[in-house]
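Here is what each chain is made of, one letter per residue.
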Amino acid sequence: MHRIGVAQGKGLENHGMSPHSLLTARLLESVPLSSQTKHLLFEVQEAPFDFVAGQFVSMKALKEGREITRAYSIASAPRDQRTFDICLNRVPNGFFSNYLCDLEEGAEVQFHGPHGLFVLRNPVRDSVFIATGTGIAPMRSMLDWLFAEPTRHEGRQFWLVFGTRYSEDLYYNEQFLEMERKHPNFHYLATLSRDNPGWTGARGYVQEHVAKIVGERQDMDAYICGLRDMVQANRDMLKGAGWDRKSILFERFD
Ligand SMILES: Cc1cc2nc3c(=O)[nH]c(=O)nc-3n(C[C@H](O)[C@H](O)[C@H](O)COP(=O)(O)OP(=O)(O)OC[C@H]3O[C@@H](n4cnc5c(N)ncnc54)[C@H](O)[C@@H]3O)c2cc1C
């Protein structure tokens, strides 16, 4: 495993199983976050199950006899080697997202993992986390991990820039506001791209706000997650501002 596994204090042994071994997750809770989005809490039946904040699992299901696999970022920090959350939105006419959103509590789904290198760099520097929509999932995992222990975040500054169209889609908004109240080195900026009557917060696309936050700085890391166009727009902006590509980590959902 890469260096961050050590930084997060996890061996990722998973009972010696490879991340490609098929495991079973039981859905313990399915909670709506908005009309089209759900927060799902799963329990792995073959615990211990370890992962590094920011990684994803690959879930499998049968559709008309054919096996379908889709990736879902883990939306929780490593906590008990047994459970993980995902934050999922229904894609119109999409098979897997609707299958999971309609799953009954107590039902089981097969998956393998953890996978992915979208994890905190080691050492952690001042960082800006940039997400739209359910791209917030790996950010929640990383931020919950960082702010769980003072030694993980002290002496550094962290910004979360979260963009959605409408205020109802600011998933985990209260949690991030609370994190900001508790930690003077965490700065949360929620921005809406559509007209929302009554909204007094930031407006526009995430990259416009990120540009203002980073200013002339290049000694930071950026973590970007969401759909392709938004990821590209932010990478282009940061590269145009002279950033080293190693400082720009990203995960695309489409
Ligand atoms: C590494 C990784 C992590 C991911 N993590 C998450 C996550 O945490 N939460 C989450 O909700 N999704 C996540 N996704 C997206 C997820 O894997 C599926 O692509 C998504 O759920 C749609 O699958 P589907 O079978 O319902 O739709 P499909 O039948 O595969 O797609 C239907 C149509 O929707 C488009 N589409 C695909 N994905 C999206 C999307 N996310 N938003 C809008 N349109 C899309 C496709 O291009 C296609 O045209 C992740 C993807 C990757 C690669």
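As a starting point, this report considers the structure included with it. (Residues numbered from 1 in each chain as written. Predicted model: local features only at pLDDT ≥ 70, side-chain atom pairs only at ≥ 80, totals over all residues.)

1. A word on the nonpolar core
In a soluble, globular protein the nonpolar side chains are often hidden away together inside. Grouped together as the largest cluster of nonpolar side chains are 58 residues, with contacts concentrated most on F129, I130, M139, M142, L160, V161 and Y223. Looking at this core, the element that brings in the most residues is helix α3 (residues 136-146), giving seven residues. Among the domains, domain 1 (3-115) and domain 2 (127-252) are the pair contributing at least three residues each to this core. Excluding residues that lie within four positions of it along the chain, L160 makes contacts with F129, M139, L143, F176, Y188 and L189. (Core = buried A, V, L, I, M, F, W, Y, C linked by C-beta atoms within 7 Å. Buried ≥ 20, exposed ≤ 12 C-beta atoms within 10 Å, placed from the backbone. Helix = DSSP H or I, 4+ residues; strand = E, 2+ residues; numbered from the N terminus. Domains from an automatic or database assignment. Contact = placed C-beta atoms within 7 Å.)

2. Some thoughts on the site of the ligand
In the vicinity of the ligand there are 22 residues, among which A71, S73, G94, F96 and S97 approach most closely. Mapped onto the shell around the ligand, the elements with two or more residues apiece are β4 (66-73), β5 (83-89) and α2 (95-101). Split into classes, the residues belonging to the shell around the ligand amount to 12 nonpolar, seven polar and three charged. (Near = placed C-beta within 6 Å. Nonpolar A, V, L, I, M, F, W, Y, C, P; charged D, E, K, R; others polar.)

3. Quick word on the pairing of strand β3 (residues 56-63)
Of the pairings in the sheet, the one linking β3 to β4 comprises eight bridges and is antiparallel in character. From the neighbouring strand, K63 faces β4, where its bridge partner is R66. As paired strands, β3 and strand β6 (residues 108-115) are joined by four bridges and run antiparallel to one another. Looking across to β6, one finds that M59 is bridged to F111. (Pairing = 2+ DSSP bridges.)

4. Side note on unusual backbone geometry
Phi is mostly negative for residues that are not glycine, and the peptide bonds are mostly trans. The omega torsion of the bond from A47 to P48 falls at 10 degrees, within 30 degrees of zero and hence cis. Note that the residue after G113, namely P114, is joined by a cis bond; omega there is 5 degrees. Assignment of secondary structure puts P114 in strand β6. Positioned with a positive phi, E64 is a non-glycine residue whose angle comes to about 50 degrees. A tally of 6 C-beta atoms within 10 Å means that E64 is categorised as exposed.

5. A short note on the sheet that holds β4
Strand order in this open sheet of six strands is β4-β3-β6-β1-β2-β5, and the pairing throughout is antiparallel. One side of each edge strand has no neighbouring strand; the edge strands of this open sheet are β4 and β5. The sheet shows a mean angle of 40 degrees between the axes of neighbouring strands, direction not considered. As defined by bridge partners, strand β2 (residues 37-44) adjoins β5 across seven bridges and the pair is classed as antiparallel. Paired with H39 across the bridge in β5 is C87. (Axes fitted to C-alpha atoms, helices over the stretch in contact; angles between N-to-C directions.)

6. Topic: the sheet that holds strand β12 (residues 248-252)
Across the sheet, which stays open at both edges, the six strands sit in the order β10-β9-β8-β7-β11-β12 with parallel pairing between neighbours. In this open sheet, the two edge strands, each paired with only one partner strand, are β10 (202-203) and β12. Pairing between strand β11 (residues 221-226) and β12: five bridges, direction parallel. Bridge assignment links I224 to a residue of β12, and that residue is F250. Running at roughly 145 degrees to strand β7 (residues 127-132), α3 makes contact with β7, β8 (158-164), β11 and β12 of the sheet.

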